Amino acid sequence: MTVATAFGRQYIAPLVADFLRCHPELRIELDLSERLSSLVQDGFDLAIRHVAMVPETHVAWTLCETRSLLVASPDYLRRRGTPTHPEALAAHDCLTYLRAEGTPSWHFEPEGGGPAVSVGIRGSFSANNSEVLREAVLGALGIALIPDFSARAELATGRLVRVLPDWRAVTIYGDRLCAIRPYSAHVPKAVQVFVAYLRERLGTPA
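Now for a look at the structure at hand. Since this is a predicted model, take the numbers as computed values, not measurements.

**Let's talk about the nonpolar core**
Nonpolar side chains tend toward joint burial in soluble globular proteins.
Moving on, step 1. Core analysis: the largest hydrophobic core is formed by 23 residues, its most contacted members being Phe7, Ile12, Leu46, Ile48 and Leu198.
Moving on, step 2. Listed by contribution, the elements that provide at least two residues to this core are α1 (5-22), β4 (58-65), β13 (176-182) and α6 (189-202).
Moving on, step 3. Those residues in contact with isoleucine 48 that lie beyond four places of it in its chain are Met1, Thr2, Val3, Ala4, Phe7, Ile12, Leu63, Cys178, Ala179 and Leu198.
Moving on, step 4. Grouped together as the second largest cluster of nonpolar side chains are 18 residues, Leu77, Trp106, Ile121 and Ile143 included.

Now the structure itself:
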């Protein structure tokens, strides 16, 4: 299977050993990559990815809900000030998830409902991995949007703080993590068992 690097390192890899102890007859090959593979062409039975929409030729099982959080370090906010509206981000150093498109922008909706806001952002650093972005934020380089699972521990200890908590980011990460496989009439038993295990351990009932 292929899994996005940050989620694979933080959540999937720690679960693999327990799963294989319960199912010693099975074998797992884990590819950690940000590259969106063709599952059939590259020989993968399963992909675990953030998704907003699933291709019609594939089937997806939701593993857990997720959201993107806007975070910064206390040192950065002391130095540059705390934004009180998304439009203020245009004056900040914003660290972005690396994409091929042109000028990056972030999109927000008020938590209580109301007009959405889009703002063009810029900064000195981009990366295609949320753990790397988190480390840059911890180094006080700027503000970043990262998945909640990559920020949870640092938010709990105060090393990171939420920015604009009254606004919900609408971003590239998607709002759920899914196990995805090409559609076929027959689902291998090993895939069924592993997906059921992940859903149980990650909090989504089978």
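**Some thoughts on the sheet that holds strand β12 (residues 167-170)**
Moving on, step 1. Pairing in this open sheet of three strands is antiparallel, and the strands run β8-β7-β12 from one edge to the other. A strand with exactly one partner marks an edge of an open sheet, and here the two such strands are β8 (117-120) and β12. Strand-to-strand twist of the sheet, defined as the mean angle between neighbouring strand axes without regard to direction, takes the value 35°.
Moving on, step 2. The pairing of strand β7 (residues 105-110) with β8 spans four bridges and is classified as antiparallel. From the neighbouring strand, serine 105 faces β8, where its bridge partner is glycine 120.

**Thoughts on the side chain of glutamate 131**
Moving on, step 1. Mapped onto the elements of the fold, glutamate 131 is located in helix α4 (residues 130-138).
Moving on, step 2. What makes glutamate 131 buried here is its relative accessible area of 10%.
Moving on, step 3. For glutamate 131, the side chain forms a polar contact with the side chain of arginine 9, separated by 2.9 Å.
Moving on, step 4. With residues near it in sequence (within four places) discarded, glutamate 131 still touches Ala6, Arg9, Gln10 and Ser150.

**Considering the sheet that holds β13**
Paired through backbone hydrogen bonds, the strands of a sheet run either parallel or antiparallel to each other.
Moving on, step 1. The five strands are arranged β2-β1-β3-β13-β4 in an open sheet whose pairing can be described as mixed. Each having just a single partner strand, β2 (31-32) and β4 make up the two edges of the open sheet.
Moving on, step 2. Across two bridges, the pairing between strand β1 (residues 2-3) and β2 is parallel. Across the sheet, threonine 2 pairs through a bridge with aspartate 31, a residue of β2.

Reading guide: rules and limits
Residues numbered from 1 in each chain as written. Predicted model: local features only at pLDDT ≥ 70, side-chain atom pairs only at ≥ 80, totals over all residues. Heavy atoms only, no water. Core = buried A, V, L, I, M, F, W, Y, C linked by side-chain atoms within 4.5 Å. Buried < 20%, exposed > 50% of the residue type's maximum accessible area, 1.4 Å probe, protein only. Helix = DSSP H or I, 4+ residues; strand = E, 2+ residues; numbered from the N terminus. Contact = heavy atoms within 4.5 Å. Pairing = 2+ DSSP bridges. Axes fitted to C-alpha atoms, helices over the stretch in contact; angles between N-to-C directions. Polar contact = N/O pair within 3.5 Å; in protein donor to acceptor, adjacent residues only side chain to side chain.

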